[in-house]
Amino acid sequence: MSASCDVVVAGVGGQGVLRLAHALGAAAAAAGLGVRVGQIYGLSQRGGSVEATVRIGDMRTAFIPPASADVVVGLEPLEAQRVVPKMSPRATVLVNRTPIVPTSLTLAGGDYPDLDGIVEAIAAVARRVYVLDATAAAAAAGDRRLTNTVMLGALAGLEASPIPTDALLGAVAGADSSIDVAVRKAAFARGAGLGRDHAGVVGAGTATTPAGRD
Amino acid sequence: MTVDTRVLLSGNEAIAQAAVEAGVQVAAGYPGTPSTEILETLARHGEIDVRWSPNEKVALDVALGASLGGVRTLATMKHVGLNVAADTFMTAAYTGVGAGLVLISADDPGMHSSQNEQDNRFYARLAGVPLLEPSDSLEAKEFTKLAFEISEEFDTPVLVRTTTRISHNRGVVTTEARRVRETLGFSRDPSKYVMIPAYARRRRPVLLERLEELTTYVEESPLTADIAGDSTVGVVTSGIAYRYVREVIPGARVLKLGITHPLPMDRIKSFAAEVDRLFVVEELDPFLEDALRAAGIDVEGKAFFPRAGELSPDAVRKGFAAAGVLEAPAPVPEPPATVVRPPLLCPGCPHTAPFLVLKRIGAVVAGDIGCYTLAALEPLAAMDTCVAMGSSIGMAVGLAASGGTEKPVVATIGDSTFLHGGIPGLIEAVYNEADVTVLILDNGTVAMTGGQEHPGTGVTLQGEDTRPVDLVALCRSVGVDDVRVVDPHDLAATYREIEGAIAHKGPSVVITNRPCVVAPTKVKDHPFTVVAEACTACQLCMTAGCPSIVWTDETFEGRRKVAIDTTTCTGCTLCAQLCPPRAIVLDPEWEAPGRG
Ligand SMILES: Cc1ncc(C[n+]2csc(CCOP(=O)(O)OP(=O)(O)O)c2C)c(N)n1
């Protein structure tokens, strides 16, 4: 893994996309790496799509060029699919399998697309796709809101970024949060377990981890 | 705050850090994306007097007053906020300052959360004040600190302009210790601070001379940086555009302007003479380009780079490709045709019911700016205008005066927006006897910008209790006879009160008072569920547009039934009130947190 790494975090407003990006950035900075975090907040947070970028290394901007993200963390399946144009052929993609049905879709009478189809669309571009039930793992750890922390743990377990695991855990523990630090650490550990189960699985394809397996 | 450490800060946090280090003692502003976190961060410092003002003009007045009182002062606002503060700003350039006064204008190219994308660099030229444009968090801190020095050295307010990407993106910043200088105190000087015509006429030449001196300063400033490169292409640029240029065409020679008013035209001219082709790359309007042309410099810019929307590395690459400088970029794959996910009112939002009622009544609705503006979209689709903060009431009065509609005319305005700019509109309605109804949507917070306190909440930015503005008494005191208060979670009562107020001849006010479900406290009451056997699939509940209501696979007479996501339902009861067969009931399986 080279010292530079472009990460895209995608999800729905309220899922903690920005917190996850901030934790990644803070961990990179704490590990002495150069880092820029790209994020926009505002209207998008009212249940809309949210995307953040974390560029590790000596970067001039926080923009990740098309087809060049090394890692994508999707907190929601449709949102992971939305950033397919950002994924490089080398990309490692983590997808939380719990969908959040867009209300616009509900109002139009439509149905949420099939998860397999979403995973296929991602696998057509990226090198590795991991699907996990981070929402269930977060609930099992004690708080559904920690879906993002589980995903961060999974990223650490997979060793998908150049940021050392202890720096990531440090960022989780040091975050400004109303949730008990022990619960946050537990969520991270569960994610790390889910990630470790699949570390080393190389090649296109999907690894679906059933909920609460560890 | 920490001392001498490397931290990852957003541009807004970096500006707050600069204010700490520069020894700022008073800071005032009004929330507005992308500027809001500057004061929120600064307020955590404790030692500094940091406050939300009712609007941006008052904030700048406070800041100017504090500066004349001899302490360093920061004022913050979003770009459109400077329109509100412009009256003070224009003449503050005449009075000059006591201690350093820096105004942050956070612009929003691309309109991520704004009603327009005006380029506030023109305000610096209009007022005749220096303008600094940082290009990332590190510069946001350094430039803001320098701005205080410039303010004091040249006796002028200084404008620092950021854009959304600068304000929100994070980069590594090194922090230093806070240094507070001795307070200068207020020194009386009417000829400088009382801008009657006789004195103002004397200050105008002072302002112009100051600009001459500033020009010399900018010519020599290290913020005017000539970056070596291949001279076949030379680029003059500033702010975030500088970073895009360096990323996209790293070999080009670049003149980076950290200060973009006044301009170092001598430096620019000699730079122009040393390159074969000269470009200006800037976001939004041709602010620099026009100035260079006016100075007789042959330059290319907006012919290749967009004037509307945000720039991006991609847009800059495309521009240079169109100019024949770079190869055309590889086509970007089209984003997949996934479902869009527009922002929505939250489950349980107290703004939903009033708009359901207005839609049912068929009123012409002059809207305003805040979370409730989302009611303009489907499925509520119950708002007809939205222009600037506070405009709803005056526009409703105008719509009524025009005789252009037979329907009742209603203004809808949030509590913070009402206190910001709505009160004069209400006075207009009373004074000129308009037959309009004003709905004040009092959710006890500035929800749109992330849940800040305001003068109606009874709490200050620093978390201290204060006297809240009494909205009912305020409306009565300006002469509104018909003032009603209703809980917007009671649909029938909301209908009754709005209908009654509309029937009242002359101005009337309905205040809906129910706290926001997100701020200051996240509301999670006993959620509701749908008894599937009882659901007749009338789908009336769907008209509220609540994100917690979803379809099921079951049908009734061919129509789909609904279900409720109990994890997101806040228990507002609105859908249960809408449900004709009473199929929506309290979830019997729910366990209140802490009791399970
Ligand atoms: C002049 C100006 N200042 C600030 C803003 C940013 N802004 C948009 S809406 C809003 C206030 C919203 O508060 P409120 O009226 O109470 O409605 P809510 O969002 O709580 O429903 C603010 C500060 C703006 N658009 N224009």
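The coordinates are above.
Bear in mind the structure is a predicted one, so any value in this text is a computation, not a measurement.

A. Up close: the overall build of chain B. Along chain B, the regular secondary structure elements total 19 helices and 22 strands. Its C-alpha radius of gyration of 27 Å places chain B within 12% of the 25 Å reference for a compact globule of 596 residues. For chain B, the spread of C-alpha atoms along the principal axes amounts to about 80 × 65 × 55 Å. Buried residues in chain B amount to 57% of all 596 residues.

B. Layout of the overall build of chain A. Broken down by element type, chain A carries eight helices and seven strands. Rg of the C-alpha trace for chain A: 16 Å, near the compact-globule value of 17 Å for 214 residues, within the 12% margin. With respect to the principal axes defined by its C-alpha atoms, chain A has extents near 50 × 40 × 35 Å. Among the 214 residues that make up chain A, the fraction classed as buried is 57%. When contacts within chain A are restricted to residue pairs at least 6 apart in sequence, long-range pairs at least 24 apart make up 66% of them. Entry remark: accessible area of chain A is about 7600 Å², with carbon and sulfur atoms responsible for 52%. Here chain A carries 18 positive and 18 negative side-chain charges, and the mean point of each set is 5 Å from the other.

C. Spatial organisation of the sheet that holds strand 11 (residues 252–257) of chain B. Residues and elements named next belong to chain B. In spatial order, the strands read 9-11-10-13; together these four strands make up an open sheet with mixed pairing. At either margin of the open sheet sits one strand with a lone partner, and together these are strand 9 (224–227) and strand 13 (277–281). Taking the axes of each pair of neighbouring strands and ignoring which way they run, one obtains an average angle of 20° across the sheet. Across five bridges, strand 10 (residues 230–237) lies against strand 11 in parallel orientation. Residue pairing across strands places Val235 opposite Val254, the latter belonging to strand 11. Running over the sheet, helix 12 (residues 287–294) touches strand 10, strand 11 and strand 13 and is turned about 140° from strand 13.

Cut-offs used in this document
Residues numbered from 1 in each chain as written. Chains lettered and ligands numbered in written order. Predicted model: local features only at pLDDT ≥ 70, side-chain atom pairs only at ≥ 80, totals over all residues. Heavy atoms only, no water. Helix = DSSP H or I, 4+ residues; strand = E, 2+ residues; numbered from the N terminus. Rg over C-alpha atoms; globule rule 2.2 N^0.38 Å. Buried < 20%, exposed > 50% of the residue type's maximum accessible area, 1.4 Å probe, protein only. Contact = heavy atoms within 4.5 Å. Areas by Shrake-Rupley, 256 points an atom, 1.4 Å probe, with all protein chains shown as cover. Lys, Arg positive; Asp, Glu negative; His and termini not counted. Charge placed at Lys NZ, Arg CZ, Asp CG, Glu CD. Pairing = 2+ DSSP bridges. Axes fitted to C-alpha atoms, helices over the stretch in contact; angles between N-to-C directions.

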